[in-house]
Structure formats: structure tokens, C-alpha cells
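Descriptive structure summary
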Amino acid sequence: MIPIKSLHKKIEIRSLYQSVIWQITCYNLPYISVNIKIDSIKLNIEDRLLEQNNAWASRIKENDPDFFKQLSKGQNPNILWIGCSDSRVPPNQIAGLSQGDLFVHRNISNIIVHTDLNCLSVVQFAVEVLEVDHIIICGHYGCGGVKAAMEGRNNGLIDNWLQHIRDISRHRSHQLEGLTGEEKYRRLCELNVKEQVINMCNTAIVRKAWRNEANLTVHGLIYDLETGLLNKLDMVINGPEVLERKLQTIA
Ligand SMILES: [Zn+2]
């Protein structure tokens, strides 16, 4: 066995899952590099998330010791939020709201499709069981789904989903006329939100709620990644008459 003179600690961690390189100085050999699996020091994604979660929960309990106990009794959000899956648009954070304030559905480019049972189930639960007063459709500038739809490249399966956005640019081509580059991209992001607000208003669930005189308003907002700010799109619809008038103005 080669006697070890000294052991230098960790030199580098290349990534969470890769190896740690140790350098060992021996009597007869200057250095031996040994790769040790990172499992041995338990620096993995689960540990990191649990550590951060622990710190987060502790911070909340410091301010309000009963916060989680109260919240565990049930939810009573007043808003259904439909947003993009983009990691940079987390609903509660950008709206400055807490846990329990929003019922949320997210998909690529915040699209409402009348045959999407996943989305429709969320809407039905929010409207008929939670009895929310507001549905927010929130898009964002810089949306990757909208960009992919604009570029028209072959992306495989997801092209079926993005076709809903391509349909909007075809139906509303007159509203994109003369626009190019960034300006056209931003306008299509806005048009997509407006179209999804209309789609939401036309769901059997929202129509039924309005027939039953529920106090339900559908809104369209757009988030700007560069400023961190939400912007209105003049899409606030609280009944079939308002919807008809809006359809005339945005046609
Ligand atoms: Zn997006």
C-alpha cells in the first residue's frame, strides 16, 4: 500500500451529477487523481431542493406560525389563472400573490382549446366548485411557442399545438400587416392572448355560468419579460353582451 502523505480536499465539481476530483500526494508518486462519485457527498438535486424548501417554509413560519396549518384546511381562491409554461412567468410571483390565492393551469403559450379536457376540467372546477369571480388569461412577450409558430419550422408533435397560433396569424393577418421582426412577434403574442380570452368566453362552462348570472369576468393580460411588468390588453369580458361588442371591435 502506498503511504499517503497528504490529502488535498475537493478541487472542483463539474456538475451536480459528475465526479469530484481529489488529488492525493504520495511519498513516491507526486499526484494521483481519483474520481469519486458525487453520491458520496450527497450533493444531488433532491437534497438541494429539500434544503431550499426547508429554508422557505421556515421564513414563512417566522412571520406567521399558523400559515401552513390554516392553508391546509382548504382553498378558496378567487382567480383562475391560465398562463404559459415558461419558467420565467411564475403566476403567484409575478402577480405578487401568496399560496392559496390562484387556481392555476399552464400550457405552452396559454392556449384554450375547446377539446382540451385537461384545461376544461380545470376551468369547470374553478368556476363551478371554487366559484372564482375572475379568469385571467396571461400571455407574455418573448413567448417561445409564439416564436416557433411564427418561424414555421418543423418541430414534430408540438406543431399540432402551435397550429392554433398559426391559425390566429392567418385569421388576423390584417392586424399583422406591415409589421416585421420584433414588432410582429409582440403583436402576435398580444393577439394570441385576445383570441384565448374569446375562446374561454365561448366555453360551455363560462356560457353556462353567465346564463346562471354568475359574477364571472374573463381578463387578458400580457407580461413583459424585460420589465417584469404586467400590461392590460383591454380585454375584460363579464357577459355575452360584452363579448359580442368586443368581437365587433377586435375583428
Ligand atoms: Zn410562453
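The rules we used
- Residues numbered from 1 in each chain as written.
- Predicted model: local features only at pLDDT ≥ 70, side-chain atom pairs only at ≥ 80, totals over all residues.
- Helix = DSSP H or I, 4+ residues; strand = E, 2+ residues; numbered from the N terminus.
- Expected span 1.5 Å × (residues − 1).
- Buried ≥ 20, exposed ≤ 12 C-beta atoms within 10 Å, placed from the backbone.
- Arc of directions from axis to C-beta.
- Contact = placed C-beta atoms within 7 Å.
- Pairing = 2+ DSSP bridges.
- Axes fitted to C-alpha atoms, helices over the stretch in contact; angles between N-to-C directions.

Its 13 residues give helix α4 (residues 117-129) an end-to-end C-alpha distance of 17 Å, which sits within 8% of 18 Å, the value for a rise of 1.5 Å per residue. Those residues of α4 not exposed but buried are C119, V123, A126 and V127. With its buried residues spanning 90 degrees around the axis, α4 presents them on a single face. What points out from α4, more than 90 degrees from its buried face, is the exposed set L117, N118, S121 and V129. If you follow the buried residues of α4, they end up packed against β4 (79-84), β5 (102-107) and α8 (204-211). Just downstream of α4 lies E131, where phi reads positive at about 55 degrees.

Attention now goes to the environment of F103. With respect to the secondary-structure elements, F103 resides in strand β5. Counting along the chain gives 32 residues from F103 to I135, while the straight-line C-alpha distance between them is 9.4 Å. Excluding residues within four positions of it along the chain, F103 makes contact with P77, L80, A126, L130 and V132.

So, on to the sheet that holds β5. Read across the sheet, five strands follow the order β5-β4-β6-β7-β8 without closing on themselves; strand pairing throughout is mixed. Unpaired on one side and paired on the other, β5 and β8 (229-237) mark the two borders of the sheet. Averaged over all adjacent pairs, the angle separating strand axes in this sheet is 20 degrees, with direction ignored. As judged from the six bridges shared by strand β7 (residues 217-224) and β8, these two strands associate in the antiparallel manner. Paired with V218 across the two strands is I237, which belongs to β8.

Scope: geometric values only; no functional claims are made or implied.
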